Structure formats: structure tokens, C-alpha cells
Amino acid sequence: MDTIFTLLMVLIMIASILLVIVVMAQNPKGGGLSSTFGGASSAQFGVQRTNDFMEKSTWTLGATIIVLILISVVVTGKPKQTAPGIPPMPKTEAPANQTAPASKTTAPVNVPATK
């Protein structure tokens, strides 16, 4: 299980780094990567497709990260063994076959007098 968790963490980190790169390459006003290739017109030489690719890759990487995180939670959500060095909790319930102790003070009992 540790190997799967490590693999998922590495994949999440790679997808996160790629997402940062893709977002940093975009410009919200349309000047990012498209202005480098197309100059003033963003529709020239198919540069509009670059914006579509960047937007689709942003959504895809974001969804990939979410799915990988959910998978890692499901995989590691139910541990089957306790952590080493932690003793198990003692039971605090009383055994069922034990009776309650008698009270130390007793009420006087009326006994009929004998002749």
C-alpha cells in the first residue's frame, strides 16, 4: 500500500507542476503564448488553437489532480493495522458475569418475636 501511495503522490506532484507551468504560460488578456506566435492578431496562423489547447490542458490537469487525490484518500482511508509503538487501548467495560457489590449499610429487619 505504501508503494501505491508513493506512486500517487509522485503523479499528483508532476500534474501540479505541469498545471503551474500551463497557467503561467497563459495571459488572461490573450497576450500569453498566442501573442508570441501571432503578433497583434490572435487568429493568425492558428494561434487561437494554442489558447484552446492551454485552456483544455488546464481543465484536464486540474481534474486529474482531483481524481488522483480522491483515489489516494480511498486507498489510504482504512488502515488495517495500528501504528508501531502505540499500544492498543484497554477495555473499560466491566465483565458481564460480575455482580454488583452489596451495600455496607443495611436497614433494620423486623423479625417476629418468639415465645
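About the criteria used
Residues numbered from 1 in each chain as written. Predicted model: local features only at pLDDT ≥ 70, side-chain atom pairs only at ≥ 80, totals over all residues. Heavy atoms only, no water. Helix = DSSP H or I, 4+ residues; strand = E, 2+ residues; numbered from the N terminus. Buried < 20%, exposed > 50% of the residue type's maximum accessible area, 1.4 Å probe, protein only. Contact = heavy atoms within 4.5 Å. Areas by Shrake-Rupley, 256 points an atom, 1.4 Å probe, with all protein chains shown as cover. Patch = residues over 30% accessible without salt bridge, like charges linked within 9 Å, V, L, I, M, F, W, Y side chains within 5 Å. Salt bridge = Lys/Arg side-chain N within 4 Å of Asp/Glu carboxyl O. pLDDT = per-residue confidence, 0-100. Core = buried A, V, L, I, M, F, W, Y, C linked by side-chain atoms within 4.5 Å. Expected span 1.5 Å × (residues − 1).

A. Spatial organisation of the overall build of the protein chain. In terms of helices and strands, the protein chain carries three helices and zero strands. The buried share of the protein chain, taken over its 115 residues, is 14%. A fraction of 72% describes how many contacts in the protein chain between residues 6 or more apart in sequence connect residues 24 or more apart. A total accessible area of about 10300 Å² is found for the protein chain, and carbon and sulfur atoms account for 67% of it.

B. Quick look at a nonpolar patch on the surface. A surface patch of nonpolar side chains, amounting to about 450 Å² of accessible area, comprises Val10, Ile14, Ile17, Leu18 and Ile21. Tracing the sequence through the fold places isoleucine 21 in helix 1 (residues 2-25).

C. Molecular detail of the confidence of the model for the protein chain. Averaged over all residues, the pLDDT of the protein chain equals 75, while 52% of them reach at least 70. The weakest mean pLDDT in the protein chain belongs to helix 2 (residues 33-38) at 56; the strongest belongs to helix 1 at 92.

D. Structural detail: the nonpolar core. Counting six residues, the largest nonpolar core consists of Ala15, Leu19, Val22, Met54, Leu61 and Ile65. When residues of this core are traced back to their parent elements, those giving at least two are helix 1 and helix 3 (48-76). Not counting residues up to four positions away in its chain, the partners in contact with alanine 15 are Leu61 and Ile65.

E. Quick peek at helix 1. Here helix 1 is 24 residues long and its end C-alpha atoms lie 35 Å apart, about the 34 Å a rise of 1.5 Å per residue gives. Within helix 1, burial applies to Leu8, Ile12, Ala15, Leu19 and Val22.

F. Looking closely at the environment of isoleucine 17. Note that isoleucine 17 resides in helix 1. On the accessibility criterion, isoleucine 17 (53% relative accessible area) is exposed. For the pair formed by isoleucine 17 and leucine 61, sequence separation is 44 residues and the distance between their alpha carbons is 9.7 Å.

G. Structural detail: the side chain of serine 72. Structurally, the position occupied by serine 72 is in helix 3. Aside from chain neighbours lying at most four places away, what touches serine 72 is Leu8, Met9 and Ile12.

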